[in-house]
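# Structure assessment
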Amino acid sequence: MAFSVTKQRNFWWTVSALLTIGSILAMVISWFTIQAPLRPSLDFVGGTRIQIELACAKKNNCEKPLTTAEVQVILDEEGLGNSSVQVLDKYTLSVRTKTLVEEQRTKLLDTLNQKIGTFDPETSQIDTVGPTIGQELFRSGFLALLVSFFGIAVYLSFRFQRDYAFFAIVALLHDVLITLGVFAVLGLIAGVEVDSLFLVSLLTIVGFSVNDTVVIYDRVRENFVNTPELSVDEIVDNAVSQTLTRSINTTLTTLLPLVAIFLFGGTTLKYFALALIIGFVAGAYSSIFIASTLLAWWRGRSNRTKGGDSVVVMEA
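Residues numbered from 1 in each chain as written. Predicted model: local features only at pLDDT ≥ 70, side-chain atom pairs only at ≥ 80, totals over all residues. Heavy atoms only, no water.

## Describing the layout of surface pockets
For the second largest pocket, the calculated volume is near 550 Å³. Lining the second largest pocket are 24 residues, and of these Pro37, Leu38, Phe138, Phe142 and Leu199 sit closest to its centre. A total of seven residues in the lining of the second largest pocket trace back to one element, the largest contributor, which is helix H6 (residues 131–159). Taken together, the residues of the lining of the second largest pocket break down into 22 nonpolar, two polar and no charged. (1 Å grid on protein atoms, 1.4 Å probe; cavity = no way out; pocket = protein on both sides within 12 Å on 5 of 7 lines; lining within 4 Å. Points joined across faces, edges and corners; volume = space filled by probe spheres on them. Helix = DSSP H or I, 4+ residues; strand = E, 2+ residues; numbered from the N terminus. Nonpolar A, V, L, I, M, F, W, Y, C, P; charged D, E, K, R; others polar.)

This is how it looks when you write it as structure tokens:
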């Protein structure tokens, strides 16, 4: 046994507890600041989003970068004071506001051109989503997440036992909460919004994390039968050591393309890739240091080793 996770389990639990509490606090602060735990995109709240770039940006001869303050003044004058304003790459403007009809959009664009500078019409992107569609997207995505958790709990309860399933779900919640917390912070300090792709990333994180946990739990269950003379902690430590190389290699090879997408994939996929990076790292951590140590603590506390487990060998 070259590596022991159970000896330092209080440390691993403390790290996870701090990260989880920090994530919850970030979402609470976000709720009091913007009335939402995460900054929602147009996909969920509905409205109109206009993204335009200064024409001088192509020639690289702009006199000064855009500022949110000057744009906000214009929006206030147009009766759109509750709009969200972001400046992207110094010369690209993104405005999210209430639903605007074509005449209102045209009037706003003309005003921005007159008071700020000429914007390139070829780079303009205008999206409009009704509030009903946005709410339906959110409900569907949230329901999909709940169903995935329920399905995983049922599957693990049949494949292993209920305590295995419970601690696997605890690890999954840990991964999801940390990802949510990071994006809550990003929403507050950088105006990062979450969209329907973010819900897809959460579902992907859940699937990745539970796969790693199942591999470790399979080896734990096999070791309960093959080495019954060892203590529960030793059995779990051996299982983690036997699967550690696989877990690290799987995580690293998955992260490499995600980092490339984050760096070079463009705005649309940038934060989708970032969510996966955060979730996959948290998932690898929780499978090794949280799900396994919680199971060892519980089985040791209740003096259960075999516990009626049947063995299904999975190659790790």
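## What about helix H4 (residues 68–77)?
Listed in full, the buried residues belonging to H4 are Val71, Ile74 and Leu75. On an axial view of H4, the arc spanned by its buried residues comes to 100°, and they lie on one face. Turned more than 90 degrees away from the buried face of H4 sit Ala69 and Glu77, all of them exposed. In this fold, the buried residues of H4 make contact with strand E2 (84–88), strand E3 (92–97) and helix H5 (102–115). Positive phi shows up at Gly79, right after H4, with a value of about 75°. (Buried < 20%, exposed > 50% of the residue type's maximum accessible area, 1.4 Å probe, protein only. Arc of directions from axis to C-beta. Contact = heavy atoms within 4.5 Å.)

## As for empty space enclosed by the protein
Evaluation of the coordinates by the stated rule reveals one cavity of 30 Å³ or more. There is about 30 Å³ of room inside the largest cavity. Every residue along the wall of the largest cavity is listed here: Ser84, Val85, Gln86, Ser94, Val95, Arg96 and Glu193. When residues of the lining of the largest cavity are traced back to their parent elements, those giving at least two are E2 and E3. Classifying every residue of the lining of the largest cavity gives two nonpolar, three polar and two charged.

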